[in-house]
Every structure is written in structure tokens, then in C-alpha cells.
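# Report on the structure
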Amino acid sequence: MTEILVFCETNEEKLDSSTGELLAAGRKLSNELSLPVSAVIFNPNAEMTKEASSLGADKVYKVNDPKFEHKTDEIFTHGLFETCKQIKPTVILAAKTSLGRNVAARTAYRLKSTVAQDCMDISGDKNTGLISVTRPVYGGNAQAVFTFTKPLNQMVILRVKTFEPLPIDNTKIAEEITLEIPIPDAKLKVIDTVKQEFEGVRLEDASVIVGGGRGLGGPEAFEHLEELAKILNGAVGASRAVCDAGWLDHSYQIGLTGKTVTPDLYITIAISGASQHMAGCSASKNIIAINKDGDANIFKEASFGVVGDWEQILPSFTATARELTQS
Ligand SMILES: Cc1cc2nc3c(=O)[nH]c(=O)nc-3n(C[C@H](O)[C@H](O)[C@H](O)COP(=O)(O)OP(=O)(O)OC[C@H]3O[C@@H](n4cnc5c(N)ncnc54)[C@H](O)[C@@H]3O)c2cc1C
């Protein structure tokens, strides 16, 4: 057994918020397996290295190459694969982000290893070095525990927001190691990068989400959801039916084939609560549902619910939220 490797993602010259969560999961495994936690960062700056250290990394591997400028699966897969070949980690932790889940799966394939997707918990057996993970099955209707069979390159993709980052410890100083990895020219050529502009909180980071479904009747209704989300300092999300209809972009989609969210509060408005939708939000701490159909599945998942037409319920809900947040 060697070490627990965290694949760190970066965003605009900073570590992505998922890194702290992965390092916290890594420290949990470190206690169970008595192994050090390392972080690999592609094109790090000094702040990123320091942050990874203060969030729990014992070692930081730095890999530098201008080709990491574009977040393409191909280049990052090459980088992570070569890193794993050099250090032969016992476990690799990646976040369930669009880059993380693709790179982790592709790297595991190249390593001829196994990947566990969408994990919500993780533990290690000190005697065998084998990792067990808990992950949803049957479209989120049940959870199952899986155990790897070989204690090498066990690739785990963790759902974001399942681990709390540890408190920052600025006294911790990780060992820094620069890895020399030749990066080949990419087959995929990035022609242009368009930054998605948005105001407020990112869906993935929001502690309050107001989600809308097909029952809203059209894109105009989302203005009302935006209003409520703004009052609660939250973000707007949607069901796939809404995104497929083109009312909102697919970056708003929550569910099996969309984003996984774990807010403190998820307010669903005119969403039926299909299992594929719930697969992306069932770990929300509280769900409040507004739906005109009292038999809708969402009421089985919600802690609080209102049966009725959203157009009649939402205005007073929003007014009360405004009153309570202003007082
Ligand atoms: C492989 C696969 C992957 C999928 N992935 C996803 C995914 O990632 N995310 C996802 O969301 N779905 C996903 N789906 C689709 C999923 O099965 C559902 O079809 C979808 O979630 C339904 O969206 P909805 O609840 O908005 O619409 P509907 O099922 O049409 O429900 C609309 C709800 O609005 C209520 N309503 C209507 N009018 C009003 C009103 N005036 N006031 C209050 N309530 C009202 C209705 O009672 C109903 O419950 C996937 C499906 C498949 C097969």
C-alpha cells in the first residue's frame, strides 16, 4: 500500500471547492488505512499548493504544462494516468464534476483498474487495503455497498457535498514534488472558450435550491423562481423535462443525467419527483414540494408539501420568505 491520491480540479486560478471535500474524505481513509494523503494539481500556483496543504494534503504533486490550460478530458486523463503510473496509489479520489467523472473513468480504464461512480461514503480496511463505497442503485431508490478486489489504483468518484472540508490548518506544510510528465499534443482542438455568465450562487454550491418542473407551463414562470432563490440566497435548478423543452439550459438540470446537488433546502415547484430526478437530489437535507397532484412521487420524498396550483401558492410563499429574511 502506498498513498491516497486526490485529483484536484482548479477554477480561475483557485482550487475548485470539491478539493476540500476530497481531501477530507482522503483524511478519513488515511486514519483507517494509515496511509498519507497526496494531492495532484495540474498547473498549480503557490496559493493552490498552500491551500491543498492546509486542507489536509501531506504531499502535493505539481504537474506543469501549458496544455492543461483547457479543461479537456483527453489531456487531464493523460496527466492523471501518468501520475498514477509513477506513484502507484492505493486509492484515487476524484469529484463527480463533469471533468472529474470523465477523467477518473478514462484513467481507470487505462490503468486496467476499477472505478466506483457517484459514491456517497467510503471506508478502508487496514488489513487488506481494500476500499468499500456506498452508492445509489436502481435510479436512487436504494443504496448498496461495494468493495474493490485489488488494493491498487482503486478509483473512487465522490458525489460533491458529501464530505465537509476540514477546518483550514495553516501550520500544516505539505511536501511539494514536481512530476515530469511529457504531455502529447491533443487530438481534440479547442477553438474557442465561452464563459457562462451567471449571477449569484452556483447550483453545485448552493445551500438553497428552488427547482422548477414541466408543470410550470413555460420558461416565463422561472422569473418567479429566480425571485424566491434571490431572497433565500440560493440558486435555480430544473427537471430534465424543462431543459429538454429548451426552457432552460442543461446546466440547470438536476438528476441522474444532470447535476447532483445536496443543499440544506430544496424547494421543488411542479416537479413530479421521478426517480431519475431524485437520483440527483435525494441527499438534500430538506425538501419542500409544491405540486397540484397529491399523489405525486415528490411528496414521498418531501419533509413538507403543499398540494395546489403553484401560481396560487408561490406568491405568498415568496412574500413570507422576503418578510422573514428582512426581519
Ligand atoms: C435515462 C433517463 C435519465 C433521466 N434523467 C433525468 C434527470 O437527470 N433529471 C430529471 O429531472 N429527469 C430525468 N429523466 C426524466 C424523468 O424520468 C422525468 O420524465 C422528468 O424528471 C419529469 O420532469 P417533471 O417532473 O418536470 O415533469 P412531469 O413528470 O411532467 O411532472 C410535472 C409535475 O407538475 C405538476 N403540475 C402540473 N401543473 C401544476 C401546477 N399548475 N401547479 C403545481 N403543480 C403542477 C404535475 O402534477 C406533475 O407532478 C430521465 C429519464 C430517463 C429515462
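Residues numbered from 1 in each chain as written. Predicted model: local features only at pLDDT ≥ 70, side-chain atom pairs only at ≥ 80, totals over all residues. Heavy atoms only, no water.

## Concerning the site of the ligand
Quick reminder of the rule: Proximity criterion: a residue is near a molecule or strand once any of its heavy atoms comes within 4 Å of it. Polar contact is the term for a pair of N or O atoms within 3.5 Å; when the atoms are in protein, one must be able to donate a hydrogen and the other to accept it, and sequence-neighboring residues count only if both atoms are side-chain atoms. Per-residue and other accessible areas were derived by the Shrake-Rupley procedure at a 1.4 Å probe size, with only the shown protein chains allowed to occlude residues. By definition, any uninterrupted DSSP run of H or I lasting at least four residues is a helix, any uninterrupted run of E lasting at least two residues is a strand, and each is numbered from the N terminus. Each residue gets one label: Ala, Val, Leu, Ile, Met, Phe, Trp, Tyr, Cys and Pro are nonpolar, Asp, Glu, Lys and Arg are charged, and the others, such as Gly, are polar.
As a matter of local geometry, the ligand sits amid 24 residues, with Arg214, Ser239, Thr257, Ser272 and Asn291 nearest to it. At 3.0 Å, a backbone N or O of Leu256 approaches an oxygen atom of the ligand. In this structure, Asn291 approaches the ligand through a side-chain N or O atom, which is 2.8 Å from an oxygen atom. Across the complex, the protein chains shield 74% of the 990 Å² of accessible surface that the ligand would expose by itself. Those elements giving two or more residues to the shell around the ligand turn out to be helix H6 (240-244) and helix H7 (275-278). A class-by-class count of the residues in the shell around the ligand yields seven nonpolar, twelve polar and five charged.

## Examining the nonpolar core
Here is the rule we go by: Nonpolar core, defined: a set of buried Ala, Val, Leu, Ile, Met, Phe, Trp, Tyr and Cys residues in which side-chain atoms within 4.5 Å join the residues together. Any residue under 20% of the maximum accessible area for its type is buried, any over 50% is exposed, and the rest in between are partly exposed; the area is computed with a 1.4 Å probe on protein chains only. The contact rule is simple, with two residues in contact once any of their heavy atoms fall within 4.5 Å.
Leu93, Ile122, Ile131 and Val156 are the most contacted members of the largest nonpolar core, which has 33 residues in total. Counting only elements with at least two residues in this core, the list comes to strand E1 (4-7), helix H1 (18-33), strand E4 (37-42), helix H2 (46-54), strand E6 (91-95), strand E7 (115-119), strand E9 (131-137) and strand E11 (154-158). The element that contributes the greatest number of residues to this core is H1, accounting for six residues. Among all residues touching Val156, those that are not within four sequence positions of it are Val91, Ile92, Leu93, Ala94, Ala116, Cys119, Ile122, Ile131, Val133 and Phe148. Core analysis: the next-biggest nonpolar cluster, separate from the first, contains 25 residues, Leu5, Ile75, Phe81 and Ile157 among them.

## Examining the domain arrangement of the protein chain
Heads up, the rule is: Domain segmentation is taken from an automatic or database assignment of domains. We define buried area as the total accessible area lost by two parts upon association, computed with a 1.4 Å probe and summed across both. Whenever Lys or Arg places a side-chain nitrogen within 4 Å of a carboxyl oxygen from Asp or Glu, that contact is recorded as a salt bridge.
We note that the domain assignment places domain 1 (4-178) and domain 2 (203-326) within the protein chain. Each of domain 1 and domain 2 was reduced to a C-alpha centroid, and the two centroids are 31 Å apart. Taken residue by residue, the interface counts eleven residues in domain 1 and nine residues in domain 2. Buried surface at the junction of domain 1 and domain 2, both sides included, amounts to about 880 Å², of which 39% is carbon and sulfur. In this structure, the connection of domain 1 to domain 2 is made through zero salt bridges.

## Thoughts on the sheet that holds strand E14 (residues 235-238)
Filter applied, for reference: Any two strands between which DSSP finds at least two bridges are classified as paired. Axis geometry follows a simple rule: fit a line to the C-alpha atoms, using only the stretch in contact for helices, then measure angles between N-to-C directions, giving values from 0 to 180 degrees.
With parallel pairing, the five strands of this open sheet are ordered in space as E14-E13-E15-E16-E17. The open sheet is flanked by E14 and strand E17 (304-307), the only strands paired with a single partner. Taking the axes of each pair of neighbouring strands and ignoring which way they run, one obtains an average angle of 15 degrees across the sheet. Contacts from helix H5 (residues 222-231) reach strand E13 (208-212), E14 and strand E15 (265-269) within the one sheet, and its direction differs from that of E14 by about 140 degrees. Where helix H9 (residues 310-326) meets the sheet, its contacts fall on E15, strand E16 (286-291) and E17, and the angle it forms with E16 comes to roughly 135 degrees.

## Structural notes on the packing of H5 against H9
Counted only if it meets this: Angles are sorted into four bins: roughly parallel if under 35 degrees, roughly antiparallel if over 145, roughly perpendicular if 65 to 115, and oblique for all others. Throughout, a crossing is termed right-handed when the near helix is turned clockwise from the far one, and left-handed when it is turned anticlockwise from it by less than a right angle.
With their axes 9 Å apart at the nearest point, H5 and H9 run at an angle of 20 degrees to one another. If you check the angle between H5 and H9, you find them roughly parallel. Between H5 and H9 the crossing geometry is left-handed. Mapping the contact onto sequence places His224, Leu225, Glu227, Leu228 and Ile231 in H5 and Trp310, Leu314, Phe317, Thr318, Ala321, Arg322 and Thr325 in H9. Here the contact of H5 with H9 is built from residues that sort into seven nonpolar, three polar and two charged.

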